[in-house]
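# Structure assessment
The lines below spell out each chain.
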Amino acid sequence: MSAPAMGTRKTAHTDSSNKKKKGPGTLAIAYLVIYNVVMTAGWLVIAVGLVRAYLARGSYHGLYYSIEKPLKFFQTGALLEILHCAVGIVPSSVVLTGFQVMSRVFLTWAVTHSVREVQSEDSVLLFVVAWTVTEIIRYSFYTFSLLNHLPYLIKWARYTFFVVLYPMGVAGELLTIYAALPYVQKTGLYSITLPNNYNFSFDYHTFLILVMISYIPLFPQLYFHMIRQRKKVLGHVEEYSKVE
Amino acid sequence: MKHYEVEILDAKTKDKLCFLDKVGNIFTFIFTLYPQWYPARQSIRLDPKGKSLKDEDVLQHLPVGTTATFYFRDLGAQISWVTVFLTEYAGPLLIYLMFYFRVPFIYAPKYDFTTSKHWVVHLACMCHSFHYVKRLLETLFVHRFSHGTMPLRNIFKNCTYYWGFAAWMAYYINHPLYTPPIYGEQQIRLALIVFLFCQIGNFSIHIALRNLRPPGSKTRKIPYPTKNPFTWIFLLVSCPNYTYELGSWLGFTLMTQCLPVAAFTLVGFIQMTVWAKGKHRSYLKEFRDYPTLRSPILPFIL
């Protein structure tokens, strides 16, 4: 006659939450390891290409041309990461990943590739170097994590280098977009004017300015999120050593 | 056995002062202890991550033992649906008219307060305005809302959407360099017929849904076709109000031949499909005898 005890409710709750955390299968893990190894290798190729070109030319001016093709290939390849999240083999948000990858792809194709005149700018080198170092660390971090053998050095690098690389990359990106503005305005690149049959207009020049403005709210949020992540990931390791 | 009714009577007159037998009484009780948490923003559930209990749930029927533990969650500042709808819809109505009358600082100064030479632009303004006046009147006199309130931040999100798109569409339709539809009068006439047909259809569905529910009640019933032919679409679709709404905007897109209008129609369609699928699913869950021929929003397709 007595109703079931409240105690059973708790275990039922943890059971259901355990069931939800399925995670990727072995095939998915194998694929992801290959993906991350290939990406690490790709960005290493870009790094080596930059160094060799610098040594050959003796200056860091115009190094973009020496790594243009692998940069486009491997940065665009990162679009697969959106798919990984959508399919569920990577536990990140599709929206967040999509946003990050699209902004990189946008800069690679819609700014640097499309506006030839900015390709010789030093700001391009600034963000290319930032991206290269970041991605080599990031992809090797994922590779080792998937194989459950993450060297502390890689973990430390991943959560420390960004402190300098992130602002460096942002500076390079903003300066590059800024450099592209006069050429976009002059040529009317990617712009549609009235009148036309679809009663629509688009001013790429204004759009680029809005993109630059959007960095103001977005960059601090992403940056301080990484800082908080750093405290969480690297922070408690220090605690353990204190306990010992 | 177990009683979950608490009666408080006046000692002298034996008048009933208060009575606790429904979850709603707990809302009132918490509100008196914590005045910042008015009932609309309270969520009480039996499990911290579970579903909220409803106002009218009877305490005695809850699956609890001799002691009951409820979990409270503050839903945040709430705003009434009526307020949100009125604000959402008044915006586009007024904003569109500002562009139509070419209020200064929108287009080049030589066009201030001029009118378009294309009659389709006047027609479009009438249709757009009619649509939002209809929505406002329906909000005030037709709709019966199940939930009184929604989170406050929704009003900013919703108004940005409606007002933003209204401004974007209105800018081009009322632009001095607007290009009328390619197929001219034929296209506009067809578009107007589609638009009006769907407006009447949408209104018929709203009336039919209203009549399902007696005033002040929150009952849910399966909607069925009525004598009104515009409701016969209920045979094939769970949420024909969305179907007709899509039709109206397709008509408006055809009438204005304007890409931003097409974009607005597309985004609206995606959102309404999500809602229709959800509603369809909850109909299926709640009613064993739910008609199997029905699709959520598009007959046989979606």
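Residue indices begin from 1 for each chain and proceed along its sequence in written order. Ligands are numbered from 1 and chains lettered from A, in the order in which they are written. Given that the model is predicted, a residue must reach a pLDDT of at least 70 before its local features are reported, and side-chain atom pairs must reach 80 or more before they are shown or counted; all residues, however, enter totals for whole chains, interfaces and linings. Each side-chain value is worked out from all heavy atoms of the structure, with water and hydrogens disregarded.

## Looking at the pattern of salt bridges
Residue and element names in this part refer to chain A.
- Any Lys or Arg side-chain nitrogen found within 4 Å of a carboxyl oxygen on Asp or Glu counts as a salt bridge. For the coordinates displayed, the defined rule picks out nine salt bridges over all chains.
- A salt bridge links Arg138 to Glu81; the shortest N-O distance between them is 3.2 Å. Here Arg138, found in helix α6 (residues 122-146), pairs with Glu81, found in helix α4 (residues 80-87); they are 57 residues apart in sequence, far enough to count as distant. Each member of the pair, Arg138 together with Glu81, is buried.
- The closest approach of N and O atoms between Glu135 and Arg104, which form a salt bridge, is 3.3 Å. Here Glu135 is found in helix α6, whereas its partner Arg104 is found in helix α5 (residues 94-113), with 31 residues between them in sequence. Neither residue differs from the other here; Glu135 and Arg104 are each classed as buried. Secondary structure follows DSSP: runs of H or I at least 4 residues long count as helices, runs of E at least 2 residues long count as strands, and numbering of each begins at the N terminus. Residue burial is assigned from relative accessible area. The probe radius is 1.4 Å, only protein chains are included, and a residue is buried under 20% of its type maximum, exposed over 50%, and partly exposed in between.

## What about the nonpolar core?
- Note on terminology: a nonpolar core comprises buried Ala, Val, Leu, Ile, Met, Phe, Trp, Tyr and Cys residues joined through side-chain atoms within 4.5 Å. In terms of nonpolar packing, the biggest core is built from 38 residues, with Trp43, Leu50, Leu71, Val128, Ile177 and Leu208 of chain A touching the most fellow members.
- Within the residue set of this core, elements represented by two or more residues are α2 (26-57), α3 (64-77), α5, α6, α8 (162-187) and α9 (204-243) of chain A.
- Considering every element that reaches this core, the biggest residue donor is α6 of chain A, with seven residues.
- We call two residues contacting when some pair of their heavy atoms lies within 4.5 Å. Those residues in contact with Val128 of chain A that sit more than four places away from it in its chain are Leu50, Ile67 and Leu71 of chain A.
- Among the nonpolar cores identified, the runner-up in size contains 33 residues, and Phe85, Tyr107, Ala124 and Cys258 of chain B belong to it.

## Looking at the domain arrangement of chain B
- Domain start and stop points were drawn from an automatic or database domain assignment. On domain assignment, one finds that chain B holds domain 1 (5-76), domain 2 (79-177) and domain 3 (181-301).
- Each of domain 1 of chain B and domain 2 of chain B has a C-alpha centre, and the two are 41 Å apart.

## Structural notes on the packing of aromatic side chains
- To pair, rings of Phe, Tyr and Trp, with the six-membered ring standing in for Trp, must have centres within 6.5 Å; the planes then decide the type, stacked if under 30 degrees apart, edge-to-face if over 60, and tilted in the middle. For the structure shown, the criterion picks out 46 aromatic pairs over all chains.
- Arranged with centres 5.6 Å apart and planes meeting at 90 degrees, the rings of Trp249 of chain B and Phe252 of chain B form a pair that is edge-to-face. A residue pair is termed a helical-turn pair when its members lie 3 or 4 positions apart in one helix, as Trp249 of chain B and Phe252 of chain B do in helix α6 (residues 240-256) at three residues. In this structure, Trp249 of chain B and Phe252 of chain B share a single accessibility class: buried.
- Over the face of the ring belonging to Tyr139 of chain A we find Arg138 of chain A, whose NZ or CZ atom lies 4.5 Å from the ring centre. Ring-over charges, as used throughout, are those where CZ of Arg or NZ of Lys falls within 6 Å of the ring centre and within 35 degrees of the ring normal.

## Here we look at the interface of chain A and chain B
- Every contact between the two is made by twelve residues of chain A and, on the other side, 20 residues of chain B.
- As used here, buried area is the combined drop in accessible area, with a 1.4 Å probe, of two parts when they are placed together. Summed over both partners, the interface of chain A with chain B buries about 1500 Å², with 59% contributed by carbon and sulfur atoms.
- Think of a polar contact as two N or O atoms within 3.5 Å of one another; within protein, one of them needs to be a possible hydrogen donor and the other a possible acceptor, and neighboring residues in sequence only count if both atoms come from side chains. Here chain A is connected to chain B by six residue pairs in polar contact (both at pLDDT 80 or more).
- For this scheme, ten residues count as nonpolar: Ala, Val, Leu, Ile, Met, Phe, Trp, Tyr, Cys and Pro. Four count as charged, namely Asp, Glu, Lys and Arg, and the remainder, Gly too, count as polar. A per-class count over the side of chain A that touches chain B returns six nonpolar, five polar and one charged.

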